[in-house]
Amino acid sequence: MIAGPLVDEEGIIYMDVDPLVSVEERQILNINGYYSRFDIFNTPLRSCSPKKKHMRVNSMIGWDKILSRTFGKEVSTLYLAYIEELIENGVDREEVDAFLNEYSAPVGVIFNILMLSRSGMTIKKFKKSTEFLLSQRKAVEEILKEVEPSSKILDIGCGSGLLTCLIALKGFNIEGTDISDKALNVANKLAYKLGCNIGFTLFEGGHLPQQDTAFDYIIFNSSIHEIRDNDRLQVLREACRVLKRGGRFIIIDQEGVASFDAIKCDLLRTGLEMKTEQLLQPVFDHGKSSRILKWIYLKK
Ligand SMILES: C[S@@+](CC[C@H](N)C(=O)[O-])C[C@H]1O[C@@H](n2cnc3c(N)ncnc32)[C@H](O)[C@@H]1O
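Residues numbered from 1 in each chain as written. Predicted model: local features only at pLDDT ≥ 70, side-chain atom pairs only at ≥ 80, totals over all residues.

Asker: Is there a simple way to explain the overall build of the protein in this structure?
Answerer: Counting its regular elements, the protein contains 10 helices and 12 strands. In the protein, buried positions account for 30% of the 300 residues. If you take every contact in the protein between residues at least 6 apart in sequence, the share linking residues at least 24 apart comes to 68%. (Helix = DSSP H or I, 4+ residues; strand = E, 2+ residues; numbered from the N terminus. Buried ≥ 20, exposed ≤ 12 C-beta atoms within 10 Å, placed from the backbone. Contact = placed C-beta atoms within 7 Å.)

Asker: Sorry if this is basic, but what is going on with the sheet that holds strand β6 (residues 152–156) here?
Answerer: Either a parallel or an antiparallel arrangement is found when strands of a sheet pair, and the pairing is made through backbone hydrogen bonds. Reading across from one edge, β8-β7-β6-β9-β10-β12-β11 is the order of the seven strands in this open sheet, with mixed pairing throughout. The sheet is open, and its two edges are formed by β8 (200–202) and β11 (272–285), each paired on a single side. Looking at each pair of strands side by side, their axes are set apart by 20° on average, direction ignored. Here strand β7 (residues 173–178) runs beside β8; their pairing, made up of three bridges, is parallel. When the sheet's bridge partners are listed, G176 is paired in β8 with F200. In the packing of helix α9 (residues 229–241) onto the sheet, the strands contacted are β6, β9 (215–221), β10 (243–254), β11 and β12 (288–299), and the crossing angle to β10 comes to about 135°. (Pairing = 2+ DSSP bridges. Axes fitted to C-alpha atoms, helices over the stretch in contact; angles between N-to-C directions.)

Asker: In this structure, what is going on with the environment of G247? I would like to understand it.
Answerer: In this structure, G247 sits in strand β10. You can call G247 buried: it has 23 C-beta atoms within 10 Å. Residues G247 and K300, spaced 53 residues apart in sequence, show a C-alpha to C-alpha distance of 7.9 Å. In this structure, G247 is in contact with F215, D216, Y217 and K299, ignoring residues within four places of it in sequence.

Asker: How do you make sense of the site of the ligand when you look at a structure like this?
Answerer: Close contacts around the ligand come from 18 residues, with G157, G159, I179, S180 and S223 the closest. Looking at the shell around the ligand, the elements that each hand over two or more residues are α7 (162–169) and α9. Residue composition of the shell around the ligand, grouped by class: nine nonpolar, six polar and three charged. (Near = placed C-beta within 6 Å. Nonpolar A, V, L, I, M, F, W, Y, C, P; charged D, E, K, R; others polar.)

Asker: Can you help me understand unusual backbone geometry in this one?
Answerer: The bulk of non-glycine residues show a negative phi, and the bulk of peptide bonds are trans. In the Ramachandran plot, Q136 falls in the positive-phi region, its phi being about 65° despite a non-glycine side chain. Among the structural elements, Q136 can be located in the loop between α5 (123–135) and α6 (137–144). Residue Q136 is classed as buried on the basis of its 25 C-beta neighbours within 10 Å. At T213, a residue that is not glycine, the phi angle is positive and equals roughly 50°. Residue position: T213 is located in the loop between β8 and β9. For T213, a count of 14 C-beta atoms within 10 Å translates into the label partly exposed.

Asker: Which parts of the structure should I look at to understand the nonpolar core?
Answerer: One finds I153, I167, L190, I218, I219, A239 and F249 to be the most contacted residues of the largest nonpolar core, which totals 57 residues. When residues in this core are grouped by element, the largest group, six residues, is from α7. Ignoring anything within four residues of it in the chain, the contact list for L190 reads T77, L78, A81, S160, G161, L162 and C165. (Core = buried A, V, L, I, M, F, W, Y, C linked by C-beta atoms within 7 Å.)

Asker: It is not clear to me how the pairing of β10 should be interpreted in this structure. Could you clarify?
Answerer: The side chains of a regular strand alternate, first on one face of the sheet and then on the other. Buried residues dominate β10, accounting for nine of its 12 residues. Alignment of β9 against β10, held across six bridges, turns out to be parallel. Its bridge partner being in β10, I218 is matched across the sheet by F249. Once the chain exits β9 it traverses α9 before rejoining the sheet at β10, and the crossover so formed is right-handed. Relative to β12, β10 runs antiparallel, the two sharing seven bridges. Across the sheet, R248 pairs through a bridge with L298, a residue of β12. (Right-handed = clockwise from strand over helix to strand, strands pointing away.)

Spelled out as structure tokens, the structure:
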């Protein structure tokens, strides 16, 4: 049947393959504890000359490596942190692996086709939108354009902490806060895996644990639209309390996914002044095509 794999210096795996092994069996090989279906990432098994006993099957690619190659190693690490969380909550590791290997490519294909057709975007724009949403690299770049070095930043609605970690890895002093303790569990795991020293706190009962005027910048990255209407003014007042005078809110969000008129009204009621509003790029998210904008508000 299948003998031990040979791996060359490029990480290409060569398998001894018995010609009687069915294609289905050849596609499921256990490498480094991951079951990989080698045909699902458009790299079909190639036939080999009978003389050469080793068949080139594929480079050593697992889903984490594919994520890393496409969206960056921090994104891949984030999804490893999610899996760790699932396992801690009782999901079986092998079941997760088998599920991902069986479903990722076919579901990815279906999602991509549906989203592409619903978005009405060109493939180039759709890829740019997906890169924006999944890698967070552009959002980080846009935020850091506004930020002075050695300032203190608070990321409100940080979720699972990818953007927070990416900013910390650039050498900035940043903390994260969120209303969801589940998201913060993942954020803490991600920060640990990436070697980031970040304090994540729970934004509970409308109160932040941080002291008055502790921060130079407050970030809301794709989070302000998620704050419930009834909670928003209190969240903004707390954010304003922990911001220094002359400090800024940097808000990045998708137009049309909440009432931005109501949000802007609450920002003004909090005593903030709008400095700039800038279009970043088109995206397809929340089931609609619209635009990502960046707003800067100043605490006078
Ligand atoms: C779409 S996620 C964005 C997460 C992260 N900023 C990012 O860009 O990946 C929105 C986050 O806002 C958080 N959120 C919603 N309401 C909140 C509130 N009242 N206070 C703090 N966080 C809140 C949610 O728990 C969620 O993690």
